[in-house]
Every structure is written in structure tokens, then in C-alpha cells.
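Chain by chain, the residues run as shown.
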Amino acid sequence: MATGTENVSSAGPARVRHREPEAHDLSTAHLKLIPPAKELRLKIRLEAVRVAANLDRSRPLTKELLRGHAEQLMRAAGLPPGYLGFTMVAISNEFWREQFMAVDFKRRLLLLPHCLKHSETCPADYDAAGLNCTGCGGCVIADFKLTADELGYKVLVAEGTPAMLKVLTCGEVDAVLGIACLNALERAFDKVLKVGVPSLAVPLLSNDCAATTVDIDWVNEAVKLRATAAPKRTRTYLPLLRAANEMFADSQLNALAPRSRGATTADATDPIAATESLGYDWIATGGKRFRPFITLAAYDAMNGGKNVRPADMSTPVELPAAVRRVAMAMEVFHKASLLHDDIEDDDTYRYGRETLHRRHGVPTAINVGDYLIGLGYRLVSREAKALGAEAVTDILERLSQAHEKLAEGQGAELFWRDGGNKEIKPLDALKIYALKTAPAFEAALYAGMRLAGPAAAHEPLIAEFSRNLGVAYQIINDLEDWDGDDDNKLVRGQDVLSARPTLLLALALETATPAQKRELHEILGDKEKCECAIHRVRQIYASHQVFEQAETMVRKYRERCETVANGTTPDALRELLTFFVNTMLERDLPPLPAGQ
Ligand code: SF4
């Protein structure tokens, strides 16, 4: 039932790989040049100070706004378009500079790329957290790390967003200084900016993936920046994201959802306690916790959005235990669906570990999934006293509807995958997406709003927003399957490998020649698909402008979401829906041609 975006299809997090540039990196490479002269880099940074002085700092900058300001600066300064990425980083740095400076050194993260090391001589090993620099002095990493360590920074030498997001959502740090190439900054670091974490970035001097260099003076200056005066601080959803994450730490998990059998991980071999033990272990493992966040944030928005605040405020968020339990149920249902999904697709890895059915067998994994469904419903139903029977009934009704729709969507996909007829029309693919992706989001959003009070008047907007958001999100997921999603997947064209009925395939089949159709059907039916088959599917998709058509559809669904969000009250809910659009539907798209 899940979309599979959190699936790690290789040998775990510690595995280090050379990252091939993604198609998306290549298509925007001409906008990511680094000014070769230090004087020009300084000039752009000074211009950025002037631009940032007038920016509204009450909420995080969106990528669109940042890009608009950068283009204006470049026009005024007569800079070539190639410096767009660099100029955006310079303005973003100035937007956050004062707030970054006000964060204590001990609450900051320095994120370094391992491509700065000398790969031939570096003696350091990797573990799940990244490269363990021994400080041999063979490259600048040792110097940067020493300075930052002495000041009290948490230092990671790691690639990509997951490691960084993990420390942020665990509440270990409140500000980030990231050194990365413009490709990585575009892909990953701006997710952090969007969430609203005070962040500075120093771009590497090239976008190559090995033996890179960086402006050492710039890094040293940024590491030492410090001020005690509190600037005007940007409101952010990070406290609520952290609250959603913290619910699954042992102490809160056991307090909010006490174990009936009192089972611990060690009891996994006790037949009576084993199911509970495996179930709790599974819900405590991995995941972005985005579904519980939706519920918490929706509840908070309907109560004035008082927990949307600067990331470094130390007071805990105020949320009743009953609200947290309902939010927890959203994650529990999601985890149950992932278990069943992994069995249906016979996936090998999830969150960097072997999938549960591979470790304990299919029957046990099915049973743990069933147990979690029961636990999810119980987390809601037992709150009747605290929340009122009517609210609980409404939420349970919405959850059971979501369950049915998800199963129908997943069922449609399985019937298609395992049946003989490999025809599919774009409308059918979109129907499956609406069933598979929207209901979980809709249930989480509805639950949060219903927890705050009667929600009947909001039901049409919840349904419309969720449907459009879910479909757009799934199309982006399909497109990213061809980019090679660095956060989750190591292989491109996974959807073809697993013969999924995607919109991209449906669009291709609509206009393909009879010979191409035959070829696509043969590739999909082949159980042992080779790399060349994936390449051929990509060629066929490209020759029918399938990727462009899909991107146009994303834009249209996104516009519908924005229209719904813009017409929503109260303000805090409108801001939250806009946040969902900006975070979930982020994809750099070429401008929409007139008339589309
Ligand atoms: S300083 Fe650290 S990262 Fe650089 S070569 Fe030595 S051990 Fe490797």
C-alpha cells in the first residue's frame, strides 16, 4: 500500500557509493557554475547582503522567492545566468546569517562532504553516520573538523539529506553549516532551508564527485560566526516535526502506547510476547514520521499555530497525550502497510535492514502487520473519554475509509502486475494514484483537524487538497524513479523492474507505435529485465515526451492544491497547506508554456 519511497534497496546505510550525476543535475548544470575569481565571489556575497536586508524573515524563504531575488541581483550586477545557483546560496546565507550566529556552537551541525578527502591515501572508514576522519592531516577535512570540534559543533562527514535530517528531527542541533557542491545543495540542503532551520552553505568550487576543493577562508569564517543578540527569528514547523519524531523514542512510545505484554526486543523469541515485540521494534525503526506530523500540525493549526515557532526555542511543544496517540496511530497504520507492501513486492531491504518477512518469514510478517492495524485502531478508540465519542467515531470512520481505498488501489496495482493484460490508460493510472496515495494523507489531515473540533465544513477542501496533492506527489515519485532518488534508491527505473502500472507507462502506451507497444509489453513481462531494457524504456518514454507531459501534469495538480490552500481559513491552516505543497511537490520545472 505504501509508495515505497522509503525503501533502501541495497546493503544498508554504511555502504558508500560513487554518485553518478542525476539527469536533473545535468539539465541544470549550466546554472550551477562557481565564479572562478575570489573577488567576484565576494562581490556577489556583498550584493546578497544588500538584497537580504529587506527580506521578510517571519517565515522561511521558498525556492521560487529565492530564485526571483537571485535573478534580480544578477540582472542588476550584469552577471551571467550560470551563477544562478551560487547567487541563490549567497542570498539564502544572508537571510539566515544572524539567526545562525545566535545559535550556540554546541547546537550546530557542520556537515562536510567526503569528496574533499584524498581517496588514494585516506585511512578513514565509514560507518552508518558517515566517514570517521582519523585526523591524519591528509586533507582539509581534519582542519575543519578540529576547529569545529573545539568549538563544540557536532560534525558529520556524510553525503545527502537523511543523516542531516535525522540529527535535526531528533532535536540534537538547531543550525546547520553545510559544505557541498551546488548539485547537493540544490537537492538536499534546500530541504533544510524550507523546513526553516538557520543554515549557511559554502559551495564547493566544483560539482565533481571526487577530489573537490573549497574556499578555506570562507569555511573558517562561517564556522566561527557567533553573536548573542537575538535577531528576529523565523517561525518553523521543526518543533512539530521533532514532536512527531520523539513519540517513537522508547520513553514516549511506551508511555503513549504501553505494551500489553510488557515485551522488550529480547522477548522476540517468547511465542506469547513475540508479536508485540516485533511490532514495537518495527514502529520504532526508521521513517520520516511525516504522517504523524501532518496530524499534529493540523491540530495545532486549528488552534492558532502556536507551536510553529523558531527551531531553537527550548520549551516543549504543547500537545495533549490523546492527540499524540491519534497521530501515533497514523504512523502505526503506515508501518503495517509497509510490512504488507514489502511482502507483496518481495523487497529485500527497508530502512537499511533486511525486511521483516526476510528475517522472520512471510506468515509472521503478515501477522505483525495485522497486529499493528489492531494497535492503530486501539490507539484511537480508547481515547473516547478524552476526545469525546463523536470525534473518535468520525476519525475511526475516516481511517477505515482510507484503509479500504488503499487496499483497493494496491489491489488494482497487483491485479495489473500479475495479470496478462499490460494495457493501461492515463486515467486508470491516475485513479490508482488517487486511491493509493491520497487517503493516508487525507486521514491524517482530517484527524488533526477533527481533534481540534467539528470539521464537517472543511471536509470538501480536505478531500480536494489531499487528492490533488497525493496524485502530484506520486507523479513526482515516478519522475524521480528515473532521476535515481539519492535518498532512497540506488537503481533507476525501479518501477519498470517491478512492472508497476505508472502514469509514465500509460502516457507512453497512448502514443507508442505498435512495435514500441509490443516492445514495452515484452519488457514488462520479462522476469529477468536487463539494464539495456531499462535504457530502452527510457528511450521510448523520451521519444514520446512522456517526462514533459508528466511534469505538466504535476504543475496542474500543484496549481489546484495552491488554489485550495489560498482559499482556506484560518491563516495557520492556509500556511500549513502551503507548506505541504512546497515541501512535498518540490521539483524544478521548466516554465509552463502559454496556454497550458
Ligand atoms: S584528514 Fe581525515 S578525511 Fe582527510 S585524508 Fe586524513 S583521515 Fe581522510
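These numbers were taken from a predicted model, which means no experiment stands behind them.

The next point concerns the sheet that holds strand β6 (residues 199-203). The sheet built from four strands is open, its strands ordered β4-β1-β5-β6 with parallel pairing. Of all strands in the sheet, those with a lone pairing partner are β4 (154-157) and β6, marking the two edges. Between one strand axis and the next, the sheet turns by 15° as a mean value, whatever way the strands run. Across four bridges, strand β1 (residues 108-112) lies against strand β5 (residues 175-180) in parallel orientation.

Around the ligand, a shell composed of 14 residues is seen, among which Cys122, Cys133, Thr134, Cys136 and Cys139 lie nearest. When atoms are counted within 2 Å of each cavity's grid points, the one that captures over half of the ligand is the second largest cavity. Taken together, the residues of the shell around the ligand sort by class into nine nonpolar, four polar and one charged.

Moving on, we come to the pattern of salt bridges. For the structure on display, the rule yields 33 salt bridges. The shortest N-O distance in the salt bridge between Glu575 and Arg59 comes to 2.7 Å. Of this pair, Glu575 sits in helix α25 (residues 571-584) while Arg59 sits in the loop between α2 (38-52) and α3 (63-77), and the two are 516 residues apart along the sequence. On the basis of relative accessible area, Glu575 is assigned to the partly exposed category, the value being 24%. One salt bridge in this structure joins Glu94 and Arg97, with 2.9 Å as the shortest N-O distance. Of the two residues, Glu94 and Arg97 both sit in helix α4 (residues 84-102), three residues apart, roughly one turn of that helix.

In this section: the environment of Leu339. Relative to the elements of secondary structure, Leu339 occurs in helix α13 (residues 321-345). Once the C-alpha coordinates of Leu339 and Thr355 are considered, the two residues, 16 residues apart in sequence, prove to be 7.9 Å apart. Other than its neighbours up to four places away in sequence, Leu339 contacts Trp282, Leu356, Ala365, Val368, Gly369 and Leu372.

An ideal rise of 1.5 Å per residue puts 18 Å on 13 residues; helix α23 (residues 531-543) measures up with 19 Å between its terminal C-alpha atoms. Turning to α23, its buried residues number three or more, namely Ala533, Ile534, Val537, Ile540 and Tyr541. For α23, the arc enclosing every buried residue in end-on projection is 120°, short of the 170-degree limit, so these residues lie on one face. Looking at α23, the residues exposed on the side facing more than 90 degrees away from the buried face are Glu531 and Cys532. Looking at the buried side of α23, the elements it contacts are α19 (459-483), α20 (494-497), α21 (503-511), α22 (514-525) and α24 (546-566). Count one or two residues on from α23 and you reach Gln545, which has phi positive near 50°.

A few words on the nonpolar core. Counting 120 residues, the largest nonpolar core has Leu445, Phe465, Ile475, Tyr541 and Phe580 as the members making the most contacts within it. Both of domain 1 (32-224) and domain 2 (238-584) provide at least three residues apiece to this core. For Leu445, the contacting residues outside a window of four places in its chain are Ile294, Ala298, Ile462, Phe465, Ser466, Leu577 and Phe580. By size, the runner-up hydrophobic cluster in this structure holds 57 residues, among which are Leu79, Leu116, Val155 and Ala180.

This next bit is on empty space enclosed by the protein. Under the criterion given, the structure shown has seven cavities of 30 Å³ or more. The space that makes up the second largest cavity amounts to roughly 110 Å³. Together, 16 residues line the second largest cavity, and Cys122, Pro123, Cys133, Cys136 and Cys139 are the ones closest to its centre. For the lining of the second largest cavity, a count of residues per class yields nine nonpolar, six polar and one charged.

Further remarks concern the packing of aromatic side chains. Under the criterion given, the structure shown has 17 aromatic pairs. Where Trp482 meets Phe547, the ring centres are 6.2 Å apart and the plane angle is 70°; that geometry is what we call edge-to-face. Of this pair, Trp482 sits in helix α19 while Phe547 sits in helix α24, placing them 65 residues apart in sequence. The same class applies to Trp482 as to Phe547, namely buried. For Phe547, a relative accessible area of 16% puts it in the buried group. Among the aromatic residues, those joined into a cluster by ring pairs are Tyr237, Phe290, Phe293, Phe441, Phe465, Phe579 and Phe580.

Further remarks concern unusual backbone geometry. Residue Pro570 is bonded to the preceding Thr569 through a cis peptide linkage, with omega at 0°. The backbone phi angle of Arg289 is positive, close to 60°, even though this residue is not glycine. Classification of Arg289 as buried rests on a relative accessible area of 5%. A positive phi is found at Gln545, a non-glycine position, where the angle reads about 50°. The exposure class of Gln545 is partly exposed, given its relative accessible area of 44%.

With their axes 9 Å apart at the nearest point, helix α11 (residues 274-284) and helix α15 (residues 362-381) run at an angle of 75° to one another. The orientation of α11 with respect to α15, classified from their angle, is roughly perpendicular. Contact residues: α11 offers Thr275, Glu276, Leu278, Gly279, Tyr280, Trp282 and Ile283, while α15 offers Thr364, Asn367, Val368, Tyr371, Leu372 and Leu375. Counted by class, the contact of α11 with α15 contains eight nonpolar, four polar and one charged residues.

About the cut-offs
- Residues numbered from 1 in each chain as written.
- Predicted model: local features only at pLDDT ≥ 70, side-chain atom pairs only at ≥ 80, totals over all residues.
- Heavy atoms only, no water.
- Pairing = 2+ DSSP bridges.
- Helix = DSSP H or I, 4+ residues; strand = E, 2+ residues; numbered from the N terminus.
- Axes fitted to C-alpha atoms, helices over the stretch in contact; angles between N-to-C directions.
- Near = heavy atom within 4 Å.
- 1 Å grid on protein atoms, 1.4 Å probe; cavity = no way out; pocket = protein on both sides within 12 Å on 5 of 7 lines; lining within 4 Å.
- Sits in = over half its atoms within 2 Å of the grid points.
- Nonpolar A, V, L, I, M, F, W, Y, C, P; charged D, E, K, R; others polar.
- Salt bridge = Lys/Arg side-chain N within 4 Å of Asp/Glu carboxyl O.
- Buried < 20%, exposed > 50% of the residue type's maximum accessible area, 1.4 Å probe, protein only.
- Contact = heavy atoms within 4.5 Å.
- Expected span 1.5 Å × (residues − 1).
- Arc of directions from axis to C-beta.
- Core = buried A, V, L, I, M, F, W, Y, C linked by side-chain atoms within 4.5 Å.
- Domains from an automatic or database assignment.
- Points joined across faces, edges and corners; volume = space filled by probe spheres on them.
- Phe/Tyr/Trp six-rings, centres within 6.5 Å; stacked < 30°, edge-to-face > 60°.
- Parallel < 35°, antiparallel > 145°, perpendicular 65-115°, else oblique.

None of this, on its own, says anything about what the molecule does.
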